[in-house]
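A look at the structure
One-letter residues, chain by chain:
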Amino acid sequence: MANSRETLLEKYSAKVYKNRKDHLLQLAEGDKNAAIAANTRAIPGVMTARGCCYAGCKGVVVGPLKDVLVITHGPIGCGFYSWGTRRNKAKTDENTDKNFIPYCFSSDMQESNIVFGGEKKLEQAIEEAMELFSPKCIMICSTCPIGLIGDDVQAVARRTEAKYGIAAIGYSCEGYKGVSQSGGHHIANNGLMRYVIGTGDKKPKTKFSVNVLGEYNIGGDGWEEERIFKRCGIEVLNLFTGDASYEGLKSAHLAHLNLVMCHRSINYIAEMMKTKYGIDWIKVNFIGVEATCKSLRDIAKYFNDAELTKRVEEVIADEVATIKSDMEHYKSKLNGKTAGIFSGGSRSHHYQVLLQELGMKTIIAGYEFAHRDDYEGRDIIPQIKEDADNKNIESIVVAKDDKFYKETYTEEQIANLKSAGIELDTYGGMIPEMIAESVVVDDYNHFETDELIKSMKPDIFLSGIKDKYSIQKAGTASRQIHSYDYSGPYSGFRGAVTFARDVAMAIFTNAWPLVTPPWKNKPMLTGKLKEVG
């Protein structure tokens, strides 16, 4: 394990070695300030697990909005990708009777549209959508060909608003923009902040209201968090954006506190809402029992209400007691096992806490599309130098809203919160909490995954659909952490048990190591030389 990084890197050519060496770290004892290269363009030809800008905008952030009719403007292949792949669960509620999550909307661009322009076909698609579904909001997400031919989706959105009297937002989120899906997150955040948040006036019903940012309700995660919050007496105004609605997000600026789950995909909105409306944000983690307890206690400390604090402690005691025997059972089976994690957002960080509770060690971890602050913490943001690829993603500037801006606490009170362990408007990153000799990999690829599994031999590997089956068929247990392999929820107290069950099931019923591939016993191709002449 000690030389896993160097063993891997020495197999690269000199050019690839130079590019990848700073993206891989092997942590030493007490190495909490290690720097890593991140958010740079992947090497062409390397089988990166990243997604594109369109995937980040449509697939992650705006796609889960249940009452928004999201049209992919581009070829049907891009639209089909975004149809049900993320398992963002949603249901109608008091805010809306619309739910478009089961549908896939596309302008279905053909070759003639690429040559002569596709705006008319997009407007035809919008006309059909209005006749069939009558949405209150339409969002248009561009794919690569649209940027190349110059279709103006923002102009189409403005014409749509004028013609139908609804909200319409165009996103120029062509796949090639930026270096990964992270650029699409940023573009989507900008659009929601510019056109949606702050346009409503539905006030919270309680004095303890929150938005949960970066919660996409995969497998019902958000619903489990809402269940716990409701028991505590905390009102969830919005999940951003799992099971969220356009109508709900309009009044998100009236919440008392923002909670950030997936830091990378939504930190832009958290920062802009702090600047414009004065709403503080706390980095939380509802993956794992102890993490959930800590997050709930931090929220109670922030609101500084004795009754709320008492209620939170009662709920924690009850929930922990309910799952205690199950967690002990799975810990007895999983204690001493090791894991690798490659995911997006903050989840490679989050799941290490839960694995540790189960007696497991995370020995490999990394992100697909993270920036340095996701690894090292937000304190290093001033040191980050932007390159040309990142500068083509617009960073919008917001100002204090004279009507809605409010400061909950004075600087002295914020200092008191900090002394009580409550860090506002910041994130400490993943690396400071990782163990010695573990390997950190940014923008991982298939080769590095295979090599690290061979050298470090984790008992299970948690990653995405692109590499799940290659890992599994090579003999290592694998679970898909992006969509939970049709399981879930994994968040909260009950979710921790579900996750522990699924991990135990994967490790102890791993059939693939028992199968010998036929090419290892006999050649799959045979032939003989033929004499010429």
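In every chain, residue numbers begin from 1 and rise along the written sequence. Local features are withheld for residues below a pLDDT of 70 in this predicted model, meaning they are given only at 70 or higher, and side-chain atom pairs are given and counted only at 80 or more; totals for whole chains, interfaces and linings count all residues. No hydrogens and no water enter the side-chain calculation; it runs on all heavy atoms of the structure.

1. Here we look at the pattern of salt bridges
Rules: Put simply, a salt bridge is a Lys or Arg side-chain nitrogen that is within 4 Å of an Asp or Glu carboxyl oxygen. Strands here mean DSSP runs of E at least two residues long; helices mean DSSP runs of H or I at least four residues long; both are numbered from the N terminus. Accessible area is worked out with a 1.4 Å probe on protein chains only. A residue is then buried under 20% of its type maximum, exposed over 50%, and partly exposed in between.
Throughout the structure, instances matching the rule amount to 35 salt bridges. With a closest N to O distance of 2.7 Å, Lys66 and Asp93 form a salt bridge. With Lys66 in the loop between helix H3 (53-62) and strand S2 (68-73) and Asp93 in the loop between helix H4 (76-81) and strand S3 (105-106), this residue pair connects regions lying 27 residues apart in the sequence. The partly exposed category is assigned to Asp93, whose relative accessible area is 34%. Taking the shortest distance from any N to any O, the salt bridge between Glu376 and Arg372 comes out at 2.8 Å. Linking Glu376 with Arg372, this pair stays in helix H16 (residues 372-376), spanning 4 residues, or about one helical turn. For the pair formed by Glu376 and Arg372, the shared burial category is buried.

2. Here we look at the sheet that holds strand S7 (residues 235-241)
Threshold: In short, DSSP must find at least two bridges between two strands for them to pair. Here, axes are lines fitted to C-alpha atoms. For helices the fit covers the stretch in contact, and angles between N-to-C directions go from 0 to 180 degrees.
In spatial order, the strands read S7-S6-S8-S9; together these 4 strands make up an open sheet with parallel pairing. Both outer strands of the open sheet, S7 and strand S9 (281-283), are each paired with one neighbouring strand and no more. Strand after strand, the sheet turns through a mean of 25° between neighbouring axes, direction not considered. Pairing geometry for strand S6 (residues 209-215) and S7, over 6 bridges, is parallel. Along S7, the bridge assignment pairs Val212 with Leu239.

3. Topic: the nonpolar core
This is how the line gets drawn: Put simply, a nonpolar core is a bunch of buried Ala, Val, Leu, Ile, Met, Phe, Trp, Tyr and Cys residues held in one set by side-chain atoms that sit within 4.5 Å of each other. For this analysis, residues touch if any pair of their heavy atoms sits within 4.5 Å.
Core analysis: the largest hydrophobic core is formed by 100 residues, its most contacted members being Met139, Tyr171, Leu192 and Phe499. Apart from the residues lying within four places of it in its own chain, the contact partners of Met139 are Val62, Leu65, Val68, Leu69, Val70, Ile71, Ile169, Tyr171, Leu192 and Val196.

4. Examining the packing of helix H19 (residues 446-456) against helix H20 (residues 465-473)
Here is the rule we go by: Note on convention: near helix rotated counterclockwise from far helix by under a right angle means a left-handed crossing. Clockwise means right-handed. Under the scheme applied, nonpolar residues are Ala, Val, Leu, Ile, Met, Phe, Trp, Tyr, Cys and Pro; charged residues are Asp, Glu, Lys and Arg; polar residues are all the others, including Gly.
Packing of H19 against H20 leaves a shortest axis separation of 11 Å and a crossing angle of 35°. Crossing of H19 over H20 shows right-handed handedness. On H20, the residues touching His446, Thr449 and Ile453 of H19 are Lys466, Asp467, Ser470 and Ile471. Of the residues contributing to the contact of H19 with H20, the split by class is 2 nonpolar, 3 polar and 2 charged.

5. Quick look at the side chain of Ser142
Here Ser142 lies in strand S4 (residues 137-142). With residues up to four places along the chain from it excluded, the contact list for Ser142 reads Tyr54, His73, Val153, Tyr171, Ser172, Cys173 and Glu174.

6. A word on the pairing of strand S11 (residues 361-367)
Test applied: Note on handedness: a crossover is taken as right-handed if, strands pointing away from the viewer, the path from the first strand over the helix to the second is clockwise.
Where burial is concerned, most of S11 is hidden: 6 out of the 7 residues are buried. Two strands pair when backbone bridges link them, and strand S10 (residues 338-343) and S11 are joined in this way by 6 bridges, in the parallel orientation. By the bridge assignment, Thr338 is partnered in S11 with Lys361. Handedness of the crossover joining S10 and S11 through helix H15 (residues 347-357): right-handed. Pairing geometry for S11 and strand S12 (residues 439-442), over 4 bridges, is parallel. Considered in S12, the bridge of Gly366 is made with Val441.

7. As for the sheet that holds S12
With mixed pairing, the 6 strands of this open sheet are ordered in space as S1-S12-S11-S10-S13-S14. The open sheet has two edge strands with one neighbour each: strand S1 (24-26) and strand S14 (477-480). With direction set aside, neighbouring strand axes in the sheet form an average angle of 15°. H20 contacts strand S13 (460-463) and S14 of the sheet and is inclined by roughly 165° relative to S14.

Fair warning: the whole summary comes from geometry, so function is off the table for now.
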